[in-house]
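Residues per chain, in single letters:
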Amino acid sequence: MQTVHLKVDPDNPNPRIIEIAAALIREGETVAFPTETVYGVGANGLDEKAVQRVFKAKRRPLNNPLLMHVMSWEQASSLVTGIYEEVLLLINRFWPGPLTLVARANDLVPPLVTAGLSTVGLRMPDHRVALDLIKAAGVPVAATSANLSGRPSSTSARHVMKDLNGRIAGILNAGTTGWGIESTILDVTRTPFTILRPGAISRERLEEVLPGLIEAVRPQPEGGGRMRAAHYRPDAQVIPVKPGDNLAELAQAQAAKGKRVGVVVATHRELPTLTDLVVVINGGSAEYGRRLYEIFRMADSRRIEYLFMEIPEEKGLGAAVADRIYEAARR
Ligand code: TXA
Ligand code: MG
């Protein structure tokens, strides 16, 4: 399959170009598109055959559900039932934006989208290109991060093409994405609402709107499996480094044994020597989040064996970054 490459201005996309991508969606094909978090790849969410193509393109296991990407709350609410009143406060405050709501699906939602679950994830991206695409397509777009299954999410069209060129019908290229880490996923099927995946909207921001109604990630047996799919893990052994640990010393000890070592430094002043990859984060958790997946990809391409990553303060966006690092460190 030839992937049609469509370049657009992120702030003012040419409607004729959007229409080319929207027509592909209407024809049941797959299209990658930017969002404010990471790139997505999606298809007509009401057409089971089209949805199947998304799974195929990504080599995604069929038991891992997609998210319905919508252009409005009106469109989202046509797909679900039994919405709590409090959900509307969240919508008012955070939509469009990186907050995915897991709600009870109705019969309009094909079982393939939800992987047979009774719930569906609703997401209204805060990106002009994504919204224009969904609008022009005229249907909700069932989508997921635009990477091969098991690879990190894509924060640029280049990453998307590396994974999916020739496997999808089209890509809308609007440069790099803003947040770099995925949306927060909140289960709103019962109270208190539960964060299933920490993400771009922090727990603190949710609590400002609904004090006492937000619960952290639901703990699961054996520390895992709270989501259907595991997060990405690079080839390297990731070693989370807490404040107070001596990152330079730890890294140098491995490098001295001849290992290929990478470090991601967020607060330390002293940079280790002898390492094969050094990344310095100056801009706090926001920058860390934006660069995280690029760092993982870089570590893989440089065949890093040990990747030492400083854990940011687990507040606000830092909690989402820390979550991805701890996941990456799990074996
Ligand atoms: O920022 C984002 O959320 C990006 C952009 C493209 O929108 N999307 C994204 O999709 O990260 P994906 O498929 O990579 O991650 C969605 C996660 C998956 O781990 C999936 O298992 C989970 O959401 N999920 C989907 N539907 C669910 C449901 N009904 N209940 C619980 N988890 C669900
Ligand atoms: Mg993903």
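The model shown is predicted, which means the values in this text are computed figures rather than measured ones. (Residues numbered from 1 in each chain as written. Chains lettered and ligands numbered in written order. Predicted model: local features only at pLDDT ≥ 70, side-chain atom pairs only at ≥ 80, totals over all residues. Heavy atoms only, no water.)

Visitor: Is there a simple way to explain the pairing of strand β6 (residues 99–105) in this structure?
Guide: Regular strands place their side chains on alternate faces of the sheet. Burial of β6 is extensive: 5 of the 7 residues sit out of reach of the surface. Both strand β5 (residues 80–81) and β6 contribute to a ladder of 2 bridges, which runs antiparallel. What sits directly across from Thr81, in β6, is Arg104. Summarising the sheet, β6 and strand β10 (residues 184–187) pair through 4 bridges and their orientation is parallel. Residue pairing in the sheet places Leu101 in a bridge with Leu186 of β10. Two strands pair when backbone bridges link them, and β6 and strand β7 (residues 119–123) are joined in this way by 4 bridges, in the antiparallel orientation. In the strand pairing of β7, Val102 is matched with Gly121. (Buried < 20%, exposed > 50% of the residue type's maximum accessible area, 1.4 Å probe, protein only. Helix = DSSP H or I, 4+ residues; strand = E, 2+ residues; numbered from the N terminus. Pairing = 2+ DSSP bridges.)

Visitor: Explain the site of ligand 1 to me, please; I cannot follow it from the model alone.
Guide: The local shell around ligand 1 holds 24 residues, among which Thr37, Asn64, His69, Arg123 and Ser183 are the closest. A distance of 2.7 Å separates an oxygen atom of ligand 1 from a polar atom in the side chain of Thr37. Here an oxygen atom of ligand 1 and a side-chain polar atom of Ser183 are 2.5 Å apart. Relative to its unbound accessible surface of 680 Å², ligand 1 loses 94% to contact with the protein. Elements with a contribution of two residues or more to the shell around ligand 1: β4 (67–69), β7, β8 (141–145) and β11 (193–197). Per-element tally for the shell around ligand 1: the top contributor is β7, with 3 residues. (Near = heavy atom within 4 Å. Polar contact = N/O pair within 3.5 Å; in protein donor to acceptor, adjacent residues only side chain to side chain. Areas by Shrake-Rupley, 256 points an atom, 1.4 Å probe, with all protein chains shown as cover.)

Visitor: How do you make sense of the side chain of Thr3 when you look at a structure like this?
Guide: With respect to the helices, strands and loops of the structure, Thr3 is situated in the segment before β1 (4–7). Of the polar contacts made by the side chain of Thr3, one reaches the backbone oxygen of Ile168; its length is 2.8 Å. Setting aside residues no more than four positions away along its own chain, Thr3 makes contact with Met161, Leu164, Asn165, Gly166, Arg167, Ile168, Ala169, Gly170 and Ile171. (Contact = heavy atoms within 4.5 Å.)

Visitor: Can you walk me through unusual backbone geometry in this structure?
Guide: The phi angle of most residues is negative, glycine excepted, and most peptide bonds adopt the trans form. Of the consecutive residues Trp95 and Pro96, the connecting peptide bond is found in the cis state with omega at -10°. Within the secondary structure, Pro96 sits in the loop between α4 (85–94) and β6. Looking along the chain, the bond that leaves Thr191 and enters Pro192 is cis, with omega of -10°. Tracing the backbone through its elements, the reader meets Pro192 in the loop between β10 and β11. Although it is not a glycine, Ala115 adopts a positive phi angle of roughly 55°. Along the chain, Ala115 falls in the loop between α5 (111–114) and β7. Phi is positive for Arg303, which is not a glycine, with a value near 55°.

Visitor: What am I meant to see in the domain arrangement of the protein chain here?
Guide: By a frequent convention, interface size equals the accessible area lost on bringing the separate parts together. Domain assignment breaks the protein chain into domain 1 (4–228) and domain 2 (233–329). When each unit is reduced to the centre of its C-alpha atoms, the spacing between domain 1 and domain 2 is 28 Å. Residue-level contacts link 21 residues of domain 1 with 16 residues of domain 2. Buried area between domain 1 and domain 2, both sides added, is near 1500 Å², and the carbon and sulfur share of it is 49%. On the surface where domain 1 and domain 2 come into contact, there are 3 salt bridges. Residue Glu182 is joined to Arg324 by a salt bridge in which the shortest nitrogen-to-oxygen separation is 3.0 Å. Where domain 1 packs against domain 2, one counts 7 residue pairs in polar contact (both at pLDDT 80 or more). Among the elements that take part in the side of domain 1 that touches domain 2, helix α7 (residues 157–164) stands out by supplying 3 residues, more than any other. (Domains from an automatic or database assignment. Buried area = accessible area lost by both parts, 1.4 Å probe. Salt bridge = Lys/Arg side-chain N within 4 Å of Asp/Glu carboxyl O.)

Visitor: What is the right way to read the pattern of salt bridges from this model?
Guide: It is possible for side chains of opposite charge to pair when their charged atoms get near one another. Counted under the stated rule, the structure contains 14 salt bridges. Its salt-bridge partner being Arg260, residue Asp276 comes within 3.8 Å of it at the nearest N-O pair. You can see Asp276 sitting in the loop between β14 (261–265) and β15 (277–280) and its partner Arg260 sitting in the loop between α9 (247–256) and β14, a full 16 residues away along the chain. Asp276 sits in the partly exposed class, given a relative accessible area of 28%.

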